[in-house]
Amino acid sequence: MEVEVMNMEGKKVSVVELPPAIFEAPISVDLMHQALVMQMANARLGTHETKVKSDVSGGGRKPWRQKGTGRARQGSIRSAQWKGGGKIHTPHMRSYRQAMPKKMRQAALRSALSVKAAESMIVVVDELKLNEPKTRLMASALNNLVGNASALVLIPSVESYEGVLRSTNNIPDAKVLNANYLNVRDLMVFDKLVMPVDALELIKANLG
């Protein structure tokens, strides 16, 4: 599949071939869903914690004798039915982490990239450089490249694209992401995928 290579003014400068193995791969909705669920689950902290009866201080003695008072029998004022008592069936610290084999994760990414390519939502740029890290300069460039659509901007490394990263932080419908951390969720959230040619080469190396 051939796509046009644009400059930051939004004008065509050349053409590049997108590898069919990555951008025309079989589309598996099930794999993309599994990868998305895994990513969302792994983002959960699982640090919620409540106290059960044994964790609550106090309640060392029996409130009243077992029989003869006319009241219900009680063993501790820290039982769940008492104010200040322990809780029952409440959340505790746990890991929500899910695993997914590397080849399946890569296949899910190839599926998501193929969907973007089929919908003509991939924009390749010859180079993504700013004279100075200014939000208005990056906003203008994105407007030339994608118009009003939201954009996921892939970069090959933070060090060489620090100005682009800083300039995009305050743009609400855009996000800069290292190409090594490309994921299904971000591909689904943003309308268009913008990447310089060197980021495309990195994707080829990772998924080819």
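This text gives an overview of the structure that appears in the document. Note that the structure is a prediction, hence the values are computed from the model and not measured.

As for the overall build of the protein chain
Working step 1: Helix and strand counts for the protein chain stand at seven helices and six strands.
Working step 2: The globule rule puts the C-alpha radius of gyration for 208 residues at 17 Å, and the 27 Å found for the protein chain is more than 25% above it.
Working step 3: Across its three principal axes, the protein chain shows a C-alpha extent of roughly 95 × 40 × 30 Å.
Working step 4: Counting only residues that meet the buried cut, the protein chain has 37% of its 208 residues in that class.
Working step 5: Taking contacts inside the protein chain between residues at least 6 apart in sequence as the whole, the part at least 24 apart equals 68%.
Working step 6: Carbon together with sulfur atoms contributes 51% to the accessible area of the protein chain, which is approximately 12,500 Å² in total.
Working step 7: For the protein chain, the distance from the average position of its 29 positive side-chain charges to the average position of its 19 negative side-chain charges is 25 Å.

Some remarks on the packing of aromatic side chains
Working step 1: One pass over the full model with this rule turns up one aromatic pair.
Working step 2: Residues Trp64 and Trp82 carry aromatic rings whose centres are separated by 6.0 Å and whose planes lie at 45° to one another, so their mutual orientation is tilted. Of the two residues, Trp64 sits in the loop between helix 2 (29-42) and helix 3 (102-118) while Trp82 sits in the loop between helix 2 and helix 3, which places them 18 residues apart along the sequence.
Working step 3: You can call Trp82 partly exposed: its relative accessible area is 26%.
Working step 4: Seen from the ring of Tyr96, Arg44 lies directly overhead, with NZ or CZ sitting 3.7 Å from the centre.
Working step 5: Across from the ring centre of Tyr161, 4.5 Å away, lies the NZ or CZ of Lys129, which sits over that ring.

Some remarks on the packing of helix 3 against helix 7 (residues 197-207)
Working step 1: Packing of helix 3 against helix 7 brings their axes to within 11 Å, and their N-to-C directions diverge by 140°. Taken together, the axes of helix 3 and helix 7 are oblique relative to one another. Between helix 3, through Gln106, Leu109, Arg110 and Leu113, and helix 7, the contact on the second element is made entirely by Ile203, Asn206 and Leu207.
Working step 2: Considering only residue class, the contact of helix 3 with helix 7 consists of four nonpolar, two polar and one charged.

Structural notes on the layout of surface pockets
Working step 1: In this structure, the largest pocket spans a volume of roughly 390 Å³.
Working step 2: Along the walls of the largest pocket sit 17 residues, with Arg105, Leu109, Asn180, Leu182 and Asn183 positioned nearest its centre.
Working step 3: Elements with a minimum of two residues in the lining of the largest pocket: helix 2, helix 3 and helix 7.
Working step 4: When the residues that make up the lining of the largest pocket are grouped by side-chain class, the tally is nine nonpolar, six polar and two charged.
Working step 5: There is about 200 Å³ of room inside the second largest pocket.
Working step 6: Along its surface, the second largest pocket is lined by Val3, Glu4, Met6, Gly10, Ala117, Ser120, Met121, Ile122, Val123, Asn144, Leu145 and Lys192.
Working step 7: At three residues, strand 1 (residues 2-6) tops the list of elements feeding residues into the lining of the second largest pocket.

As for the side chain of Asn183
Working step 1: Residue position: Asn183 is located in the loop between strand 5 (174-178) and helix 6 (184-189).
Working step 2: Within the local environment of Asn183, its side chain forms a polar contact with the backbone nitrogen of Arg185, the two atoms lying 3.3 Å apart.
Working step 3: For Asn183, the residues in contact, after removing those within four places along its chain, are Gln39, Leu109 and Leu177.

Details of the sheet that holds strand 4 (residues 151-155)
Working step 1: As summarised here, the arrangement of the six strands in space is 2-1-3-6-4-5, forming an open sheet in which the pairing is mixed. The open sheet has two edge strands with one neighbour each: strand 2 (12-17) and strand 5. Averaged over all pairs of adjacent strands, the angle between their axes in this sheet comes to 30°, without regard to strand direction.
Working step 2: Pairing between strand 1 and strand 3 (residues 122-125): two bridges, direction parallel.

So, helix 7
Working step 1: Within helix 7, burial applies to Ala199, Leu200, Ile203 and Leu207. Looking straight down helix 7, one finds that the buried residues subtend no more than 105° of arc, so they occupy a single side.
Working step 2: As for helix 7, its buried residues are in contact with strand 2, helix 1 (20-23), helix 3, strand 4 and strand 6 (192-196).

Looking at the packing of helix 2 against helix 3
Working step 1: Interaxial distance between helix 2 and helix 3 falls to 8 Å at its minimum, and their mutual angle equals 115°. Judged on the interaxial angle alone, helix 3 and helix 2 are roughly perpendicular. Crossing of helix 2 against helix 3: the hand is left-handed. On helix 3, the residues touching Leu31, Met32, Gln34, Ala35 and Met38 of helix 2 are Met104, Arg105, Ala107, Ala108, Ser111, Ala112 and Val115.
Working step 2: In terms of residue class, the contact of helix 2 with helix 3 is made up of nine nonpolar, two polar and one charged.

About the criteria used
The numbers attached to residues start from 1 for each chain and follow its sequence in the written order. Totals for whole chains, interfaces and linings use every residue, but because this is a predicted model, local features are given only for residues with pLDDT of at least 70 and side-chain atom pairs only at 80 or more, for both listing and counting. By convention in this description, side-chain values take in all heavy atoms of the structure and omit both hydrogens and water. Per the convention used, a helix needs a DSSP run of H or I reaching at least four residues, while a strand needs a run of E reaching at least two, with both numbered from the N terminus. With C-alpha atoms as the basis for the radius of gyration, the globule rule is written as 2.2 Å multiplied by the number of residues raised to the power 0.38. Accessibility here uses a 1.4 Å probe with only protein chains present; expressed as a share of the type maximum, an area under 20% marks a residue as buried, one over 50% as exposed, and anything in between as partly exposed. Throughout, a contact is declared for two residues whenever any of their heavy atoms are within 4.5 Å. All accessibility values rest on the Shrake-Rupley procedure with a 1.4 Å probe; residue burial counts only the protein chains present in the view. None of His or the chain ends enter the tally, which takes Lys and Arg as positive and Asp and Glu as negative. Where a charge lies is defined by one atom per residue type, namely NZ (Lys), CZ (Arg), CG (Asp) and CD (Glu). Between the rings of Phe, Tyr and Trp (Trp by its six-membered ring), a pair exists once the centres lie within 6.5 Å; its type follows the angle of the planes, with under 30 degrees stacked, over 60 edge-to-face, and the other angles tilted. For a Lys NZ or an Arg CZ to count as sitting over a ring, it must be within 6 Å of the ring centre and within 35 degrees of the ring normal. Angles run from 0 to 180 degrees between N-to-C directions of axes, and those axes are lines fitted to C-alpha atoms, restricted for helices to the stretch in contact. Each angle receives one of four descriptions, namely roughly parallel if under 35 degrees, roughly antiparallel if over 145, roughly perpendicular if within 65 to 115, and oblique otherwise. Any residue that is not Ala, Val, Leu, Ile, Met, Phe, Trp, Tyr, Cys, Pro, Asp, Glu, Lys or Arg is counted as polar, Gly included; the first ten are nonpolar and the last four charged. Points on a 1 Å grid over protein atoms alone make up a cavity when a 1.4 Å probe fits among them but cannot get out, and a pocket when they form an open set with protein on both sides within 12 Å along at least five of seven lines; lining residues each have an atom within 4 Å of a point. Grid points are joined across faces, edges and corners, and a volume is the space filled by probe spheres set on the points. We call two N or O atoms a polar contact when they sit within 3.5 Å, provided that within protein one can donate a hydrogen and the other can accept it, with sequence-adjacent residues counted only if both atoms are side-chain atoms. Should DSSP find at least two bridges between two strands, the strands are taken to pair. Regarding the arc, it is the one traced by the directions from the helix axis to the C-beta atoms. Crossing handedness is read from the near helix: turned anticlockwise from the far helix by less than a right angle, it gives a left-handed crossing, and turned clockwise, a right-handed one.

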